[in-house]
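# An overview of the molecular structure
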Amino acid sequence: MSIQYKTCKNCENDFRENFDFCPHCGMNEKEKLTLGVLFYNTVSNYFSFDARFFKSFIPLLIKPGYLATKFVSGKRLLYLHPGQMYLFAAVLFFFLFSFSAKKGANEFDKGLSQSFGKNTKIDSLSVKASESKVKIDSVLMEEARIALKKNSNLTGITDKQVDSLVNNENFNKEKNTFTFSGKKIDSLIEAKVPDSEILKEMGLNKGDSVLKKRLYSQALKFIKSKQGSGILFAFLDAAPIAMFFILPIFALILMLFYRKRGLYAHHLVFSFYYFAFLFTVFNLVIITNFVVDIPDYIDSLIVLSVFFYLIVALKKFYKQGWVKSFLKGSLSTMIFFPILIFVSAFVLLFSFMFY
């Protein structure tokens, strides 16, 4: 009996006809392209949403340092890859956060518009108050002039000296409380004055740097729109990219404290799993907030638990005592936190410059 062969549609290699899967590439020849198969393949290919995910999810939450220890020891197919675990948790976080961000952005724009309106009213009142003060001061100065001239025989001051005294800059000094105000800029915008003239009124000069010109231009755009949601969404778009720069820095900090505890790749594995845990916790918090509002004290406990998780994970992964783990974890956090603030501020500035 001759053996029948067929050609794989995927890799175009021949294999036995009675095989369901191609031995060369693993393609299922009998699998029909249905909606369910398409969805599963998409999720599985990008996030490895298979048995390894479920095997990794529970240990990630309740066994600090366990997955990193297993992965470094050689068990690299039993659990989800640290990079994939991190990517899945991070992408899901920014996806979920975008929904709550939309509501927050609308409230932010509403409050911003009200703030601009309030400031405009304040500026208007300031102008009126300033004008009234000038009128009152003029009346008082004229009364002083008349009184001094009537009593010149007693004071010995001539009419010319009276005029000089009353008109003196130190006597009649009006403090202008503003040279550039939102009220004036709003007026120029309503009058459809060219942007170049408005920027000049804001203080931009021709010889200023390109960066300063861009900053002023974006500031004018912000004033015109009176909305900050664009900056928020630009920040959310740039944040995932920034995280790929922040995470290796955290691994580098760990390497400084644990120089004799493995290669940089080992510290990076630990960092991937730890940040995956952070994003997983954030995801659970967001999902819970969709159902019920979490009290503030619980939020504080969650933040505290995240730090405690780090200490336990460091102890289990690097196999050191509680005191050393606590000190190194605290110092690592203290060093990393300012870097996180700096990078976040830079991303926020970048988002403002290009939103």
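Residues numbered from 1 in each chain as written. Predicted model: local features only at pLDDT ≥ 70, side-chain atom pairs only at ≥ 80, totals over all residues. Heavy atoms only, no water.

### Notes on the overall build of the chain
When helices and strands are counted, the chain shows 13 helices and two strands. For the chain, buried positions account for 30% of its 355 residues. A separation threshold of at least 6 residues defines the contact pool for the chain, and within that pool the share at least 24 residues apart is 61%. In the structure as shown, the chain presents an accessible area of about 23400 Å², 65% of it carried by carbon and sulfur atoms. (Helix = DSSP H or I, 4+ residues; strand = E, 2+ residues; numbered from the N terminus. Buried < 20%, exposed > 50% of the residue type's maximum accessible area, 1.4 Å probe, protein only. Contact = heavy atoms within 4.5 Å. Areas by Shrake-Rupley, 256 points an atom, 1.4 Å probe, with all protein chains shown as cover.)

### A word on the layout of surface pockets
Size it by volume and the largest pocket reaches roughly 950 Å³. As for the largest pocket, its lining consists of 30 residues, of which Met243, Phe275, Leu278, Phe282 and Leu340 are closest to the centre. Taken together, the elements giving at least two residues each to the lining of the largest pocket come down to α4 (82-150), α10 (229-257), α11 (264-291), α12 (296-318) and α13 (322-354). Tallied by class, residues from the lining of the largest pocket come to 27 nonpolar, two polar and one charged. (1 Å grid on protein atoms, 1.4 Å probe; cavity = no way out; pocket = protein on both sides within 12 Å on 5 of 7 lines; lining within 4 Å. Points joined across faces, edges and corners; volume = space filled by probe spheres on them. Nonpolar A, V, L, I, M, F, W, Y, C, P; charged D, E, K, R; others polar.)

### Re a nonpolar patch on the surface
Together, Phe95, Phe99, Ile287, Phe290, Val291 and Val292 make up a nonpolar patch on the protein surface, roughly 620 Å² of accessible area in all. Only α4 and α11 provide two or more residues apiece to the nonpolar patch. If one sorts the elements of the nonpolar patch by residue count, α11 sits on top with three residues. With respect to the helices, strands and loops of the structure, Val292 is situated in the loop between α11 and α12. (Patch = residues over 30% accessible without salt bridge, like charges linked within 9 Å, V, L, I, M, F, W, Y side chains within 5 Å. Salt bridge = Lys/Arg side-chain N within 4 Å of Asp/Glu carboxyl O.)

### Some words on helix α3 (residues 66-73)
Among the residues making up α3, those that are buried are Leu67, Ala68 and Phe71. The buried residues of α3 occupy an angular sector of 100 degrees when projected down its axis, which confines them to one face. The positive-phi residue at the C-terminal boundary of α3 is Gly74, with phi of around 125 degrees. (Arc of directions from axis to C-beta.)

### So, the side chain of Ser56
Within the fold, Ser56 resides in helix α2 (residues 51-62). Residue classification places Ser56 among the buried positions, given a relative accessible area of 0%. A polar contact of 2.8 Å, which involves the side chain of Ser56, links it to the backbone nitrogen of Leu80. Sequence-distant contacts of Ser56, that is, excluding residues within four places in its chain, are made with Leu67, Tyr79, Leu80 and Met85. (Polar contact = N/O pair within 3.5 Å; in protein donor to acceptor, adjacent residues only side chain to side chain.)

### Let's talk about the nonpolar core
One finds Tyr86, Phe270, Tyr274 and Phe275 to be the most contacted residues of the largest nonpolar core, which totals 49 residues. Contributing elements (two or more residues each) for this core: α2, α3, α4, α10, α11, α12 and α13. Counting residues per element, this core draws most heavily on α11, which supplies 13 residues. Among residues more than four places away in sequence, those in contact with Tyr86 are Met243, Phe244, Leu247, Phe272, Phe275, Ala276 and Phe279. Counting residues in each nonpolar core, the second largest holds eight residues, with Leu204, Tyr216, Leu220 and Ile223 among its members. (Core = buried A, V, L, I, M, F, W, Y, C linked by side-chain atoms within 4.5 Å.)

### A look at the packing of α11 against α12
In the contact formed by α11 and α12, the axes pass within 11 Å of each other and the chain directions differ by 155 degrees. One element, α11, and the other, α12, form an angle in the roughly antiparallel class. Classified by chirality, the crossing of α12 by α11 is right-handed. Touching His266, His267, Phe270, Tyr274, Phe277, Leu278, Val281 and Val285 of α11 are Ile302, Val306, Tyr309, Leu310, Ala313, Leu314, Phe317 and Tyr318, all from α12. Looking at the contact of α11 with α12 residue by residue, the class counts come to 14 nonpolar, two polar and no charged. (Axes fitted to C-alpha atoms, helices over the stretch in contact; angles between N-to-C directions. Parallel < 35°, antiparallel > 145°, perpendicular 65-115°, else oblique. Left-handed = near helix turned anticlockwise from the far one by under 90°.)

### Overview of unusual backbone geometry
Even without glycine at this site, Glu12 takes up a positive phi of about 65 degrees. Assignment of secondary structure puts Glu12 in the loop between β1 (5-7) and β2 (14-16). Relative accessible area serves as the criterion here: at 62%, Glu12 is assigned to the exposed category. Despite not being glycine, Lys319 shows a phi value in the positive range, around 55 degrees. With respect to the element layout, Lys319 can be found in the loop between α12 and α13. Take Lys319: its relative accessible area is 59%, and that puts it in the exposed class.

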